[in-house]
Amino acid sequence: MNKKILVSAVVLIVLLLAGIGYLGYSLMQEKQANRDMQELAELDKQEMEKEYQNFAAQYSEMKTYIKNDSIIEQLTAEQERTQKLLDELKRTHANDVAEITRLKKELATVRAVLRSYVIQIDSLNQLNQTLQDENDRVRSELEESNQQNQTLTSEKATLSEKVAIASQLDATNIRLTALKKKGKTAKYIRDARVLDVSFVITKNVTATNGVRNVYVRIMTPTGDVLNGGGTFEYAGKQLAWSMMKSVEYTGEELPLSLYWNINEYLEGGDYNVSIFCDGQAIGSRTFTYIK
């Protein structure tokens, strides 16, 4: 009888040790996944800070060669707003998803406003060029005005650099839909056979037309990326993409849909969809699915 009790105790101890070992291994895997997610979030936050700083600097530089007091006042207001958002971003932790998402939307708005001023000022340059041609015929009467226009013309090359900032694309209306085998929407992620990522690349008349490679990353609740077999460069690092599509962009609004065939087990929880193009993060959204 004592021997049976001893054997049972040994078996129980072995099972307990195995359970402790498995639990320790699971915790290590979870910590690594959390570290990877935190690193990407920090990279994203750093890129946003650089963009905010760049936009604030562009407003300051544009004011140095604009003579219109009304436009200068508008540029100053937008510069102060951009600086305020930058200060808010610096105070925000990278893992504060809600606040980072809000500031990312604000960044898209700041970019759109800056783009409108670049177009407006470029139009003023064209008008001043026409005036310069007229001033050549009446140089003696309008010499001072002619000198101002020449100054604006010399600054036009600088404005070309600002156009590059304004030409960055934006992705909106991001959706992640889990589909069953026959194409119906799945309520539970375990019933899904395909993940459909759809979004719209917004209209941008300042962007260069041509072929673009659009990358989509889907991060699962465990911190893993659904790997499509390739990588792209972002913020000086090579990141794995889930899906990639080459598209012809003409400056007009462009709706896109990309599909991921599910061949693995997916957990319930938060799924983050991030979209990249031209080395920039152009959109991101998080979706929650029930197991």
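In case you missed it, the structure is sitting above this.
Residues numbered from 1 in each chain as written. Predicted model: local features only at pLDDT ≥ 70, side-chain atom pairs only at ≥ 80, totals over all residues. Heavy atoms only, no water.

Whenever I open this one, the overall build of the protein chain confuses me. Can you help?
Of regular secondary structure, the protein chain possesses 5 helices and 9 strands. Listed N to C, the secondary structure of the protein chain is α-α-α-α-α-β-β-β-β-β-β-β-β-β in terms of helices and strands. Here the protein chain holds 291 residues, and the buried ones make up 39% of them. The long-range share in the protein chain, meaning contacts at least 24 apart out of those at least 6 apart in sequence, stands at 68%. Carbon together with sulfur atoms contributes 52% to the accessible area of the protein chain, which is approximately 17,100 Å² in total. (Helix = DSSP H or I, 4+ residues; strand = E, 2+ residues; numbered from the N terminus. Buried < 20%, exposed > 50% of the residue type's maximum accessible area, 1.4 Å probe, protein only. Contact = heavy atoms within 4.5 Å. Areas by Shrake-Rupley, 256 points an atom, 1.4 Å probe, with all protein chains shown as cover.)

So what exactly am I meant to see when it comes to a positive patch on the surface here?
Taken together, the side chains of Lys180, Lys181, Lys182, Lys184 and Arg193 present a region of like positive charge at the surface. Tracing the backbone through its elements, the reader meets Lys180 in the loop between β1 (171-179) and β2 (194-201). Overall, the relative accessible area of 37% leaves Lys180 in the partly exposed class. (Patch = residues over 30% accessible without salt bridge, like charges linked within 9 Å, V, L, I, M, F, W, Y side chains within 5 Å. Salt bridge = Lys/Arg side-chain N within 4 Å of Asp/Glu carboxyl O. Lys, Arg positive; Asp, Glu negative; His and termini not counted. Charge placed at Lys NZ, Arg CZ, Asp CG, Glu CD.)

In this structure, what is going on with the nonpolar core? I would like to understand it.
As a rule of thumb, soluble globular proteins bury nonpolar side chains together. By size, the foremost hydrophobic cluster in this structure holds 33 residues, and its most contacted members are Leu195, Phe199, Val216 and Ile275. Every element with two or more residues in this core is listed here: β1, β2, β3 (210-219), β6 (243-249), β7 (254-261), β8 (269-277) and β9 (280-289). With residues near it in sequence (within four places) discarded, Ile275 still touches Ala171, Ile174, Phe199, Val214, Tyr215, Val216, Gln280, Ala281, Ile282 and Gly283. Core analysis: the next-biggest nonpolar cluster, separate from the first, contains 21 residues, Met48, Tyr52, Leu86 and Ile121 among them. (Core = buried A, V, L, I, M, F, W, Y, C linked by side-chain atoms within 4.5 Å.)

Even after reading the chapter, I still don't get the side chain of Ser167, so can you show me in this structure?
Among the structural elements, Ser167 can be located in the loop between α5 (156-166) and β1. Take Ser167: its relative accessible area is 16%, and that puts it in the buried class. Excluding residues within four positions of it along the chain, Ser167 makes contact with Asn204, Thr206 and Ala207.

Sorry if this is basic, but what is going on with the pairing of β9 here?
A regular strand carries its side chains on alternate faces of the sheet. In the sheet, β8 pairs with β9 via 9 bridges, with the strands oriented antiparallel. Within β9, the residue paired with Ile275 across the bridge is Gly283. Two successive antiparallel strands, β8 and β9, enclose a turn made up of 2 residues, where Asp278 displays a positive phi of approximately 55 degrees. (Pairing = 2+ DSSP bridges.)

When you look at the packing of aromatic side chains in this model, what are you seeing that I'm missing?
Aromatic ring pairs: the centre-centre distance and the angle between the two ring planes describe each pair. Overall, the coordinates contain 6 aromatic pairs when judged by the stated rule. Aromatic pair Tyr215 and Phe232: ring centres 4.7 Å apart, planes at 15 degrees, arrangement stacked. Taken as a pair, Tyr215 in strand β3 and Phe232 in strand β4 (residues 230-234) lie far apart in primary sequence, 17 residues in all. Seen in terms of ring centroids, Tyr215 and Trp241 are 6.5 Å apart; in terms of plane orientation they differ by 40 degrees. Their pairing is tilted. With Tyr215 in strand β3 and Trp241 in strand β5 (residues 237-241), this residue pair connects regions lying 26 residues apart in the sequence. (Phe/Tyr/Trp six-rings, centres within 6.5 Å; stacked < 30°, edge-to-face > 60°.)

Could you clarify how one ought to interpret unusual backbone geometry in this entry?
A negative phi holds for most residues other than glycine; trans holds for most peptide bonds. Look at Asn173: it is not a glycine, yet its phi comes out positive at around 50 degrees. Topologically, Asn173 is positioned in strand β1. Here the phi dihedral of Asp278 falls at roughly 55 degrees; this positive angle occurs in a residue that is not glycine. With respect to the helices, strands and loops of the structure, Asp278 is situated in the loop between β8 and β9. You can call Asp278 partly exposed: its relative accessible area is 47%.

What exactly am I supposed to notice about the pattern of salt bridges here?
A side chain with one charge may pair with a side chain of the opposite charge, provided their charged atoms come close. In this structure the tally under the stated criterion is 11 salt bridges. For Arg212, the salt bridge is made with Asp278, and the minimal N-O distance between the two is 2.8 Å. Of this pair, Arg212 sits in strand β3 while Asp278 sits in the loop between β8 and β9, and the two are 66 residues apart along the sequence. Salt bridges here are not isolated pairs; linked through shared partners, they connect Glu51, Arg111 and Asp170.

Just checking my understanding: could you explain the sheet that holds β2 for this structure?
Overall, antiparallel pairing links the 3 strands, which are arranged β1-β2-β7 in an open sheet. On the outer flanks of this sheet lie β1 and β7, each paired with one strand and no other. Shown here is a sheet whose adjacent strand axes are inclined to one another by a mean of 15 degrees, direction ignored. Here β2 runs beside β7; their pairing, made up of 8 bridges, is antiparallel. Paired with Asp196 across the two strands is Tyr259, which belongs to β7. (Axes fitted to C-alpha atoms, helices over the stretch in contact; angles between N-to-C directions.)

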